[in-house]
Amino acid sequence: MTQDEMKQQVAKAALDYVVTDTIIGVGTGSTANFFIDALATIKHKIKGAVASSEATAQRLKGHGIEVFDLNMVDQMSVYIDGADETNKHMHLIKGGGGALTREKIVAAVADKFVCIIDETKKVGVLGTFPLPVEVIPMARSYVAREIVKLGGEPVLREGFKTDNGNVILDIHSMDIMEPVKLENQLNSIVGVVTNGLFAARPANVLLIGTQNGVNVEE
């Protein structure tokens, strides 16, 4: 089974967590795209969705799924999204696609966060995948210097702007032993919008696509 096939099977499994007659949150990235395609088959069961990026909004609309502005929504039953890495505590690294801030906001509103990944994303220690940090452009150099003090090697994501008009610094060469602590440390740096650690608010359910089917961790 290919990686894409594992992503497809876990995306279909996530349909079981879609709550009828509610608005749901939808993430960004390749696995989330497979979920959106699967969601289209049951779109009549939901009121609509909140998108975590412009790209996701367009894909949802392309399937005829109504997209709501988060400011118009006071409750969301579930947020379904992928991740770039996860550990056994369901702490995540997200933001490979650059949508980390909107993803974190939508996840914060949802009653439940269901993370869908393939088995290659499960790791013992977070940090092999570079940790994205969204930064206000004028603070880029300052934030980079502060990240170096924390032991990371920040690299500007060249030619990339987030949907919020900001830049991304990807932190390399960091074994993240205390994800919640590092998440808070990075967010306290002036000029940081947020970072791609989803540890203070981890996933509630982890669906893992494997060669032998979908494993569920809660």
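Let me begin by describing the structure that accompanies this report. Since this is a predicted model, take the numbers as computed values, not measurements. (Residues numbered from 1 in each chain as written. Predicted model: local features only at pLDDT ≥ 70, side-chain atom pairs only at ≥ 80, totals over all residues. Heavy atoms only, no water.)

What to know about the sheet that holds strand β4 (residues 85-86)
Part 1: If you trace the three strands from one edge of the open sheet to the other, you get β4-β5-β11, paired in antiparallel fashion. The sheet terminates laterally at β4 and β11 (197-198), the two strands that pair on one side only.
Part 2: Both strand β5 (residues 92-93) and β11 contribute to a ladder of two bridges, which runs antiparallel. Each residue of the ladder has a partner; that of L92, found in β11, is F198. (Pairing = 2+ DSSP bridges. Helix = DSSP H or I, 4+ residues; strand = E, 2+ residues; numbered from the N terminus.)

Looking at the environment of V135
Part 1: Of note, V135 is situated in strand β7 (residues 131-135).
Part 2: For the pair formed by V135 and N195, sequence separation is 60 residues and the distance between their alpha carbons is 8.7 Å.
Part 3: Setting aside residues up to four positions removed in sequence, V135 forms contacts with R140, V143, N166, V167, L169, G191 and V193. (Contact = heavy atoms within 4.5 Å.)

A closer look at helix α2 (residues 30-39)
Part 1: Burial in α2 covers these residues: T31, A32, F35, I36, A38 and L39. Around the axis of α2, the buried residues are gathered within 160° of arc, so they sit on the same side.
Part 2: Tucked into the core, α2 has its buried residues touching α1 (3-13), β1 (23-26), α3 (54-62), β3 (76-81) and β6 (110-118). (Buried < 20%, exposed > 50% of the residue type's maximum accessible area, 1.4 Å probe, protein only. Arc of directions from axis to C-beta.)

A word on the sheet that holds β3
Part 1: Taken together, six strands build an open sheet; the order of strands is β2-β1-β3-β6-β12-β13 and the sheet is mixed. Only two strands of the sheet have a single neighbouring strand rather than two, namely β2 (48-51) and β13 (213-217). Taken over all neighbouring pairs, the strand axes of this sheet differ in orientation by 25° on average, direction set aside.
Part 2: On top of the sheet, α2 reaches β1, β3 and β6; it is set at about 150° to β1, its chief contact. (Axes fitted to C-alpha atoms, helices over the stretch in contact; angles between N-to-C directions.)

Some points on the packing of aromatic side chains
Part 1: According to the stated counting rule, one finds two aromatic pairs in the structure shown.
Part 2: Plain terms: the ring middles of Y79 and F113 are 5.2 Å apart, the flat faces sit at 45° to each other, and that makes the pair tilted. Highlighted residues: Y79 in strand β3 and F113 in strand β6, separated in sequence by 34 residues.
Part 3: What makes F113 buried here is its relative accessible area of 0%.
Part 4: Taken together, the ring pairs connect Y79, F113 and F198 into an aromatic cluster.
Part 5: Note that K94 overlies the ring of F198, its terminal NZ or CZ placed 5.5 Å from the centroid.
Part 6: Between R157 and the ring centre of F160, over which it is positioned, the NZ or CZ distance is 5.3 Å. (Phe/Tyr/Trp six-rings, centres within 6.5 Å; stacked < 30°, edge-to-face > 60°. Lys NZ or Arg CZ within 6 Å of the ring centre and 35° of its normal.)

Here's the deal with the pairing of β7
Part 1: Counting buried residues along β7, five of its five residues qualify, which places the element largely inside the surrounding structure.
Part 2: Taking every second residue as pointing to the same face, both faces of β7 are buried, with L131, V133 and V135 on one and P132 and E134 on the other.
Part 3: Sheet topology places β7 next to strand β9 (residues 167-172); five bridges connect them, and they run antiparallel. Note that in β9 the partner of E134 across the bridge is I168.
Part 4: Of the strand pairs in this sheet, β7 and strand β10 (residues 192-195) are connected by three bridges, and their pairing is antiparallel. By the bridge assignment for β10, E134 is matched with T194.

Things to note about the side chain of T22
Part 1: Position of T22 among the secondary structure elements: in the loop between α1 and β1.
Part 2: Since its relative accessible area comes to 18%, T22 is described here as buried.
Part 3: In terms of polar contacts, T22 uses its side chain to reach the backbone carbonyl oxygen of V19, at 2.7 Å.
Part 4: What T22 contacts, discounting residues up to four positions off in sequence, is I46, K47, G48 and S77. (Polar contact = N/O pair within 3.5 Å; in protein donor to acceptor, adjacent residues only side chain to side chain.)

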